[in-house]
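Listed below, chain by chain, are the residues.
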Amino acid sequence: MRNNETICALATTPGGALAIIRISGPRTFDAVSAVCTLHCDTVAANTIHYTRIIDAEGEVIDEVLVSIFRAPHSYTGEDSVEISCHGSRYILNKVLELLIQQGCRMAQPGEYTQRAFLNGKMDLSQAEAVADLIASSNKATHHIAMSQLRGGFSSELSRLREQLLKLTSLLELELDFSDHEDLEFADRSELLNIAKKTDNRITHLARSFETGQALKNGIPVAIVGKTNVGKSTLLNKLLRDDRAIVSSVHGTTRDTVEDVIDIQGVTFRFIDTAGIRQTTDEVEQIGISRTYTAIQKARIVLWIIDAEPTTEEVKDMIERSKGKSLIIIQNKIDIQSPVDSSIFSLVSQLVPSNDPQPSILQISAKQGTNIDRLEKTIFESANIPELSEQDIIVTSARQYHSLLSAQENLSRVLSSLESGLSGDLVSEDLRLVLDDLANITGQGRIVTDEILRNIFTHFCVGK
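The rules behind the values
- By convention here, each chain's residues receive numbers from 1 onward along its written sequence.
- In view of the model being predicted, local features appear only for residues whose pLDDT reaches at least 70, and side-chain atom pairs are presented and counted only at 80 or more, with totals across whole chains, interfaces and linings using the full set of residues.
- Hydrogens and waters are ignored; side-chain quantities use all the structure's heavy atoms.
- The distinction between a cavity and a pocket rests on a 1 Å grid over the protein atoms alone: a 1.4 Å probe fits inside a cavity but cannot get out, while a pocket stays open yet meets protein on both sides within 12 Å along at least five of seven lines, and a residue with an atom within 4 Å of a point counts as lining.
- Grid points are joined across faces, edges and corners, and a volume is the space filled by probe spheres set on the points.
- For this classification, Asp, Glu, Lys and Arg are treated as charged, while Ala, Val, Leu, Ile, Met, Phe, Trp, Tyr, Cys and Pro are nonpolar and the rest, including Gly, are polar.
- The salt bridge definition used is simple: a Lys or Arg side-chain nitrogen within 4 Å of an Asp or Glu carboxyl oxygen.
- Numbering of helices and strands runs from the N terminus, with a helix taken as a DSSP run of H or I at least four residues long and a strand as a DSSP run of E at least two residues long.
- Burial classification: accessible surface area is computed with a 1.4 Å probe over protein chains only, and a residue below 20% of its type maximum counts as buried, one above 50% as exposed, and the rest as partly exposed.
- Definition of a polar contact: a pair of N or O atoms within 3.5 Å, with one able to donate and the other able to accept a hydrogen when the atoms are protein atoms, and with sequence-neighbouring residues admitted only if both atoms are side-chain atoms.
- The contact definition used throughout considers only heavy atoms, calling two residues in contact when any of these lie within 4.5 Å.
- Note: two strands are recorded as paired if DSSP finds a minimum of 2 bridges between them.
- Note on method: axes are straight lines fitted to C-alpha atoms, helices fitted across the in-contact stretch only, with angles between N-to-C directions ranging 0 to 180 degrees.
- A helix's residues, less one, multiplied by 1.5 Å, set its expected span.
- Ring pairs shown here join Phe, Tyr and Trp side chains whose ring centres sit within 6.5 Å, with only the six-membered ring taken for Trp; geometry is labelled stacked below 30 degrees between planes, edge-to-face above 60, and tilted in between.
- Geometrically, a lysine NZ or arginine CZ counts as sitting over a ring once it is within 6 Å of the ring centre and also within 35 degrees of the ring normal.

What follows covers empty space enclosed by the protein. Within the structure shown, the criterion is met by one cavity of 30 Å³ or more. Considering only enclosed or pocket space, the largest cavity measures out at about 50 Å³ in volume. Contributing to the lining of the largest cavity are Ile-318, Ser-321, Lys-322, Lys-324, Leu-326, Val-351, Pro-352, Asp-355, Pro-356 and Pro-358. Here the lining of the largest cavity is built from residues that sort into six nonpolar, one polar and three charged.

All right, on to the pattern of salt bridges then. Taken as a whole, this structure holds 18 salt bridges when the rule is applied. Measuring nitrogen to oxygen at the nearest pair gives 2.9 Å for the salt bridge that ties Lys-226 to Glu-313. Within this pair, whereas Lys-226 is found in the loop between strand S7 (219-225) and helix H8 (231-239), its partner Glu-313 is found in helix H10 (residues 311-320), the two being separated by 87 residues in sequence. Judged by its relative accessible area of 25%, Glu-313 falls in the partly exposed class.

Attention now moves to the side chain of Gln-399. Mapping Gln-399 onto the fold places it in helix H13 (residues 397-419). Within the structure, the side chain of Gln-399 is placed 3.5 Å from the side chain of Gln-148, a separation counted as a polar contact. Apart from the residues lying within four places of it in its own chain, the contact partners of Gln-399 are Ser-125, Glu-128, Gln-148, Phe-153, Val-394 and Ile-440.

Strands pair in a sheet through their backbones, by hydrogen bonds, and they do so in one of two ways: parallel or antiparallel. Here we have six strands laid out as an open sheet, ordered S3-S4-S5-S2-S1-S6, and mixed in their pairing. The sheet is open, and its two borders are formed by strand S3 (47-54) and strand S6 (105-106), each paired with just one other strand. Looking at chain direction, strand S2 (residues 18-24) and strand S5 (residues 80-86) are connected through seven bridges and run antiparallel. In the sheet register, Arg-22 faces S5, and the bridge partner there is Glu-82. Taken strand by strand, helix H3 (residues 111-118) contacts strand S1 (7-10), S2 and S6, and its axis lies near 135° from that of S1.

For an α-helix the count is 3.6 residues per turn, leaving residues at separations of three or four pointing the same way. Compared with an ideal rise of 1.5 Å per residue, which puts 23 residues at 33 Å, H13 spans 33 Å between its outermost C-alpha atoms and is within 8% of the ideal. Three or more residues of H13 are buried, namely Gln-399, Ser-402, Leu-403, Ala-406, Gln-407, Asn-409, Leu-410, Val-413, Leu-414, Ser-416 and Leu-417. Structurally, the start of H13 carries an N-cap: the backbone nitrogen of Arg-398 is 3.2 Å from a side-chain oxygen of Ser-396. One or two residues past the end of H13 sits Gly-420, with phi positive at roughly 75°.

Another point: the packing of aromatic side chains. Each aromatic ring pair is summarised here by two numbers: the centre-to-centre distance and the angle between the ring planes. Here the structure, examined in full by the defined rule, presents one aromatic pair. Ring geometry for Phe-209 and Tyr-400: centres 4.2 Å apart, planes at 10°, overall stacked. Linking Phe-209 in helix H7 (residues 188-217) with Tyr-400 in helix H13, this pair joins segments that are 191 residues apart in sequence. Residue Tyr-400 is classed as partly exposed on the basis of its relative accessible area, which comes to 22%. In this arrangement the basic side chain of Lys-463 is found over the ring face of Tyr-75, its NZ or CZ atom lying 4.5 Å from the centre.

So far we have only geometry, and geometry alone does not tell us how the molecule works.
Here you go:
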């Protein structure tokens with residue numbers, strides 16, 4: 001990938017009434033001027049102009065608007081032009097063909113953002129946030145991406161590195177005066193205090209990855225229970241659609257059925273499972289096995305009952321739901337009496353002390369009774385913190401692993417300081433922590449082509 005080349009690509013989704021073609025690189029203005037009636041070199045930056053795209057035979061291809069951006073004040077930091085034209089596939093292909101004839105080449109996925117990084121317009125964490133912003137499907141993921149794109153995460157890491165750099169420099173200064181044994185530039189108690197605070201903050205950021213992944217991929221919710229208790233009916237009611245097959249025949253659902261809905265700006269991924277019962281049907285047994293797997297992977301378990309469960313059934317569900325939020329739902333209250341409240345007392349007694357107490361609701365999935373209460377309970381059970389564009393939530397696995405490495409190296413720093421080891425050993429581990437934090441943003445580090453390829457290959461073309 002060479003930055004001395006001029007690239008072009010469609011920057012909008014095909015099929016719309018209008019489209020934008022983006023051009024960036026050293027020959028941008030020459031290439032665009034050659035295919036239209038506007039001389040880009042003669043117009044002011046940050047201006048929009050009406051012009052016509054004309055082919056080699058003088059035929060007008062389209063009437064367009066051209067936006068002019070001069071380096072370094074553009075998205076990529078290079079001379080750039082955006083052509084707003086009609087969304088006809090013929091027009092788009094023709095304009096791109098004309099630009100390629102003028103020496104442009106088609107951009108690779110993420111190449112515009114990669115050039116923005118290489119030209120110092122953003123760091124790696126912000127570049128990854130661009131992809132997250134494009135893929136954001138709800139309010140929560142939008143807030144996370146916007147915070148990171150605006151540099152919230154970068155600023156946080158910069159503050160941590162600044163404190164560690166100051167103390168590292170003092171420790172290394174001591175090494176230059178090692179002949180003076182009593183000379184100590186870095187106060188060990190201050191260094192230990194800062195190292196502990198930094199460790200706490202890095203640990204907090206690393207732990208946010210679980211929440212980030214849940215918000216990004218959808219919080220998994222398993223709908224479980226015996227056959228014919230209304231699991232599929234409930235899923236359809238939550239989705240406002242007939243997604244799952246509903247039948248009075250036992251064992252109709254033989255595999256998991258998944259779909260997502262947004263509740264208060266957060267995506268939840270619901271998994272309707274095969275009904276739990278004793279059966280000799282081999283296919284149904286496989287479905288029931290997958291039900292137990294879905295419980296293991298879920299963050300929230302909706303246990304649907306329509307009659308009083310046995311003590312053994314309660315114990316089994318409590319055991320399988322350890323570490324998760326369990327919501328017990330008595331369905332069919334429109335045709336059946338409430339179950340004995342004593343069973344819920346048993347549930348409270350069996351739940352491990354470190355697990356949240358299960359929520360208990362009575363609904364009619366068929367009639368839609370208390371479905372709004374159920375949605376509110378599901379949202380509350382997810383324990384999602386109130387998010388704003390200032391909150392920092394880690395969503396990238398690459399960033400997460402760098403934070404884990406920083407934790408490991410910082411633990412050695414803490415151990416060395418508490419053991420009174422020499423400054424050269426402490427300084428070496430501190431440098432490793434600094435490198436780990438620098439890896440996240442790419443600032444002050446040589447970033448390999450392989451790393452860049454792994455980051456930007458998942459971007460859409462045109463971004």
